[in-house]
Amino acid sequence: GAVVSQHPSRVICKSGTSVKIECRSLDFQATTMFWYRQFPKQSLMLMATSNEGSKATYEQGVEKDKFLINHASLTLSTLTVTSAHPEDSSFYICSARPSYLAVLKNEQYFGPGTRLTVT
Amino acid sequence: QQQVKQSPQSLIVQKGGISIINCAYENTAFDYFPWYQQFPGKGPALLIAIRPDVSEKKEGRFTISFNKSAKQFSLHIMDSQPGDSATYFCAASVPGGSNYKLTFGKGTLLTVNP
C-alpha cells in the first residue's frame, strides 16, 4: 500500500515552454501533498505544500507564478513549470500524506520523481 | 540555519558490517523522526520512523536509536548488504504543525562493498 506515482518520469522541453508533472496517490487519499526539488547529490528542497481545494503554500524563494501547483482532488496534485529555462532542470519529487492518518501522525510517501531537462 | 544535521556525508562498509548514520536536531518541538532510503534516479522510500516516546525501534536489520536529551537519533543497519548501497536521509517534523513539513538532513551516501 501507500503508493505514489508521478508522470512523466522524464521530460525534455525547450526553453520558454511549460511542462506539467502529475503526482497521484494510487491507493489512498491525500489531503496534503508536497513538491520537492533535488539537485544531484543534494538533499530534498521543499518547494511547496499542496492542500486539496486550497491554494498551495510556497517556501521562501520559490516563485509561485513560475511553479504552479494545483491539488484539485484527493488523489492528484500537479506541478506546472511555466516558461521553463535551463536552470529549472532538476529532479522533481512529490510526496503525499495519507488522509487517514491521525492528526499528530506524519507519514509521507514519495513518488518516483520526474527528471526535467530544459534545453 | 540547518535544523537537522546528518553525518557522515559518506560511509563505506564491508558486507556483513554495521552501518551507522547519525542525526542531530535543534528544534525541541520535533516529534516525528523518519529515515528515508533513496536509490539513484528514484524517489525516497520510507524506511523506518520513530517518535520520542521510545528510545529504540527495530524493523528487521534496521534500528533507530533515539536520545531525546542529546537531541540525537541514529540509524543502524545490521549485516549490511551491497543492496543497501544508497543515500539515506534523516528527517524530522513538528506534530501537525506547518502542514506536516519534513525537515531533511543533507544525506549520507552508503556504499557496502561485497
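For every chain, the first residue of the written sequence is number 1, and numbering continues from 1 onward in sequence order. Chain A is the first chain written and ligand 1 is the first ligand written, with later ones labelled in order. Owing to the predicted nature of the model, reporting of local features is limited to residues with pLDDT of at least 70; listing and counting of side-chain atom pairs is limited to 80 or more, with chain, interface and lining totals taken over all residues. In computing side-chain properties, one takes all heavy atoms of the structure into account and sets aside hydrogens as well as water.

**Considering the pattern of salt bridges**
Phase 1: Counted as salt bridges are all cases of a side-chain nitrogen of Lys or Arg within 4 Å of a carboxyl oxygen of Asp or Glu. Evaluated as defined, the whole model comprises six salt bridges over all chains.
Phase 2: In this structure, the salt-bridge partner of Lys-101 of chain B is Glu-59 of chain A, at a minimum N-O distance of 3.2 Å. Of the two residues, Lys-101 of chain B sits in the loop between β9 (86-92) and β10 (103-104) while Glu-59 of chain A sits in the loop between β6 (57-58) and β7 (67-73), which places them in two different chains.
Phase 3: Any residue under 20% of the maximum accessible area for its type is buried, any over 50% is exposed, and the rest in between are partly exposed; the area is computed with a 1.4 Å probe on protein chains only. Residue classification places Lys-101 of chain B among the partly exposed residues on the basis of a relative accessible area of 27%. Secondary structure elements are defined from DSSP: runs of H or I of at least 4 residues count as helices, runs of E of at least 2 residues count as strands, and each element is numbered from the N terminus.

**Let's talk about the environment of Ile-64 of chain B**
Residues and elements named next belong to chain B.
Phase 1: When you line up the elements, Ile-64 lands in strand β7 (residues 62-67).
Phase 2: Its relative accessible area of 0% is what places Ile-64 among the buried residues.
Phase 3: Note: C-alpha distance between Ile-64 and Asn-22 (42 residues apart in sequence) is 9.8 Å.
Phase 4: If we ignore the near neighbours within four places in the chain, the residues touching Ile-64 are Phe-33, Trp-35, Ile-48, Ala-49, Ile-50, Ser-55, Glu-56, Lys-57 and Ser-74. Any two residues having at least one pair of non-hydrogen atoms within 4.5 Å are treated as being in contact.

**Things to note about the sheet that holds β7 of chain A**
All names here are of chain A.
Phase 1: Only strands joined by at least two bridges in the DSSP assignment are considered to pair. Taken in spatial order, the four strands make up an open sheet running β1-β3-β8-β7, and their pairing is antiparallel. Two strands lie at the open edges of the sheet, namely β1 (4-7) and β7, each paired on one side alone. Looking at each pair of strands side by side, their axes are set apart by 15° on average, direction ignored. Every angle, taken between N-to-C directions, lies between 0 and 180 degrees, and every axis is a line fitted to C-alpha atoms, over only the stretch in contact when it is a helix.

**Some remarks on the state of the cysteines**
All names here are of chain A.
Phase 1: Counting rule for disulfides: a pair of cysteine sulfur atoms within 2.5 Å. Scanning the model with the defined rule gives two disulfides over all chains in all.
Phase 2: Two residues, Cys-23 and Cys-94, share a disulfide whose sulfurs are 2.0 Å apart. Taking the torsion about the S-S bond as the criterion, the Cys-23 to Cys-94 disulfide, at about 80°, is right-handed. Here Cys-23 is found in strand β3 (residues 19-25), whereas its partner Cys-94 is found in strand β9 (residues 90-97), with 71 residues between them in sequence.
Phase 3: The exposure class of Cys-23 is buried, given its relative accessible area of 0%.

**Side note on the interface of chain B and chain A**
How large an interface is tends to be reported as the accessible area lost when its parts come together.
Phase 1: Facing the 21 residues of chain B at the interface are 25 residues of chain A.
Phase 2: Buried area adds together the accessible area that both of two parts lose upon being put together, with accessible area traced by a 1.4 Å probe. Both sides together, the interface formed by chain B and chain A hides about 1,800 Å², and carbon and sulfur atoms give 56% of it.
Phase 3: At the surface where chain B touches chain A, the tally comes to one salt bridge.
Phase 4: Pairing of N or O atoms within 3.5 Å defines a polar contact, subject to two protein rules: one partner must be a possible hydrogen donor and the other a possible acceptor, and residues neighboring in sequence count only if both atoms are side-chain atoms. Where chain B meets chain A, there are nine residue pairs in polar contact (both at pLDDT 80 or more).

**Structural notes on a nonpolar patch on the surface**
Phase 1: Residues enter a patch when their relative accessible area is above 30% and they make no salt bridge; the linking distance is 9 Å between like charges and 5 Å between nonpolar side chains (Val, Leu, Ile, Met, Phe, Trp, Tyr). In these tables, accessible area is a Shrake-Rupley quantity obtained with a 1.4 Å probe, and a residue counts as shielded only by the protein chains included in the view. Side chains of Ile-18, Ile-20 and Met-78 of chain B sit close together on the surface and give an oily, nonpolar patch of about 240 Å² of accessible area.
Phase 2: Looking at Ile-18 of chain B, the relative accessible area reads 47%, which means it is partly exposed.

Shape descriptors only; they carry no functional weight alone.
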